[in-house]
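# Descriptive analysis of the structure
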Amino acid sequence: MTTTPERTAAPAGQAATPPPAMRMRELVFAAACAAALRAAARLGVADALGDTPMTVEDLAAAVRTEPRPLRRLLRALSSHGVFAERPDGTFAHTDMSRLLRADDPHSLRDICLWCTEPWTWDAWPRLDEAVRTGRNVIEDLYGKEFFPWLNEDAPESADVFNRAMTTSSVQSARDVAAFLDLTGSTSVADIGGGQGHVLASLLEKYPSMQGALLDLPRVVDNADPRLRPGGALADRVRILPGDCREAVPVRADVYVIKNILEWDDDSTARTLRNVIEAGGPGTRVVVIENLVDDTPSMRFSTAMDLLLLLNVGGAKHTTESMSGRLTGAGLVIDAVGPVNPYLHAFDCTVPG
């Protein structure tokens, strides 16, 4: 006769570890947690809840829902530390629930929405297919590659994507600028740099440095206001519309490549080759990526890795695989180090 393992005892003040069977049950219902976060974000529950705990009835009136199902939603989220139910039945914020507020400086609201957009619910059930074939499933689902489909056929989802990427870039830009020592360099180019938040942060850190931003036309058209004509940094910046997989038309002392070398291997190789040809011997190339073998953020980065497999057929890297692609392109890796808990920098040089 088999027995179910008992819940592991925990020190006072800490939650007990559930037995394997219960942990498995929790994992297979993870979609419920994602859906609950999306619902709370879309309803604006965190925005309606201020510093003072509120009753469900008052919250329901504020966000225009029925009280009973709202209590069920909040109870589910509270079990994960998102909101807290107090003994008197009111609900209060936690450090996690505040991240769902649109006005929080560290808000993850748009990222929460992006990771739970309707297309993700179509794609996740086909993960076994993607694992069998190594191909994305979006083309079979929608008849187009992911980004053309997103921008042409799902404009509302594209807007969510753009807001989420802006949020992520703004938040990580501060960490990247603090991490990178560009002393002695006179110019920096942000390759595939989105709206240029990293570049703007670096130019603010180094007041005499010149900069360049390269990304697709529709992306740089919405560049950070600091970089556009009339902006505080505009006289030190070149904004270049283009595809780094096709060409890198700018010479710089330092090239920053952040979170774009996750496409297919050919696209990665072409981008690195273009950067090396543009910079020439002695050029510094800093590649910044999430890594799937980075223990503090493995659950996050491995989930992103699987989502990349589903939507574009891409992949996040291990330290070894990223190093192999960089050295295979001809770069010399001088150092590898953490930028923050979820990003690592590969500091490289183009050999003479």
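Residues numbered from 1 in each chain as written. Predicted model: local features only at pLDDT ≥ 70, side-chain atom pairs only at ≥ 80, totals over all residues. Heavy atoms only, no water.

## A word on the overall build of the protein
To be explicit about the condition: Helix and strand definitions follow DSSP, with helices as H or I runs of at least four residues and strands as E runs of at least two, each counted in order from the N terminus. Think of it in three bands: residues with accessible area under 20% of the maximum for their type are buried, residues over 50% are exposed, and the middle band is partly exposed, with areas taken using a 1.4 Å probe on protein chains only. The contact criterion used throughout is that any non-hydrogen atoms of two residues lie within 4.5 Å.
The helix and strand inventory of the protein stands at 16 helices and nine strands. Seen through its principal axes, the protein has C-alpha atoms that stretch 65 × 55 × 45 Å. In the protein, buried positions account for 45% of the 352 residues. Considering only intrachain contacts with a sequence separation of at least 6, the fraction spanning at least 24 residues in the protein is 61%.

## Structural notes on helix α15 (residues 298-311)
Because an α-helix completes one turn every 3.6 residues, residues spaced three or four positions apart along the sequence face the same direction. Quick reminder of the rule: Multiply 1.5 Å by the residue count of a helix minus one, and that product is the helix's expected span.
Its 14 residues give α15 an end-to-end C-alpha distance of 20 Å, which sits within 8% of 20 Å, the value for a rise of 1.5 Å per residue. Packed against the buried residues of α15 are α7 (118-123), α8 (127-133), α9 (138-142) and α10 (146-153). Positive phi appears at Gly313, one or two residues downstream of α15, with a value of about 75°.

## Thoughts on a nonpolar patch on the surface
How we decide: Put simply, a patch holds well-exposed residues, over 30% relative accessible area, that have no salt bridge, with like charges counted together within 9 Å and Val, Leu, Ile, Met, Phe, Trp or Tyr side chains within 5 Å. Accessible areas in this description were obtained via Shrake-Rupley with a 1.4 Å probe; residue shielding takes into account the shown protein chains only. When a carboxyl oxygen of Asp or Glu lies within 4 Å of a side-chain nitrogen of Lys or Arg, that pair is called a salt bridge.
Together, Met24, Leu27, Val28 and Phe29 give the surface a local cluster of nonpolar side chains, amounting to about 460 Å² of exposed area. Within the element layout of this structure, Met24 appears in helix α1 (residues 20-28).

## Describing the sheet that holds strand β9 (residues 343-349)
Applied cut-off: Note on pairing: two strands pair once DSSP finds at least 2 bridges between them. Working convention: axes come from line fits to C-alpha atoms, limited for helices to the stretch in contact. Angles between N-to-C directions cover 0 to 180 degrees.
The sheet built from seven strands is open, its strands ordered β5-β4-β3-β6-β7-β9-β8 with mixed pairing. Single-partner strands in this sheet number two, and they are β5 (237-241) and β8 (332-340). On average, adjacent strands in this sheet sit at an angle of 20° to one another, irrespective of strand direction. Sheet topology places strand β4 (residues 210-215) next to β5; five bridges connect them, and they run parallel. Bridge pairing in β5 places Ala212 opposite Arg238. The sheet contacts of helix α11 (residues 155-179) involve β6 (254-258), β7 (284-289), β8 and β9, and relative to β8 the element is tilted by about 130°.

## Considering the packing of aromatic side chains
In plain terms, the rule: Classification of ring pairs uses Phe, Tyr and Trp, with its six-membered ring standing for Trp, and accepts pairs whose centres are within 6.5 Å; under 30 degrees between planes counts as stacked, over 60 as edge-to-face, and the remaining range as tilted.
Tallied over the full model, the rule gives nine aromatic pairs. Ring pairs connect the aromatic residues Trp114, Trp119, Tyr142, Phe146, Phe147, Trp149 and Phe161, which therefore count as one cluster.

This is a description of form; function is not addressed.
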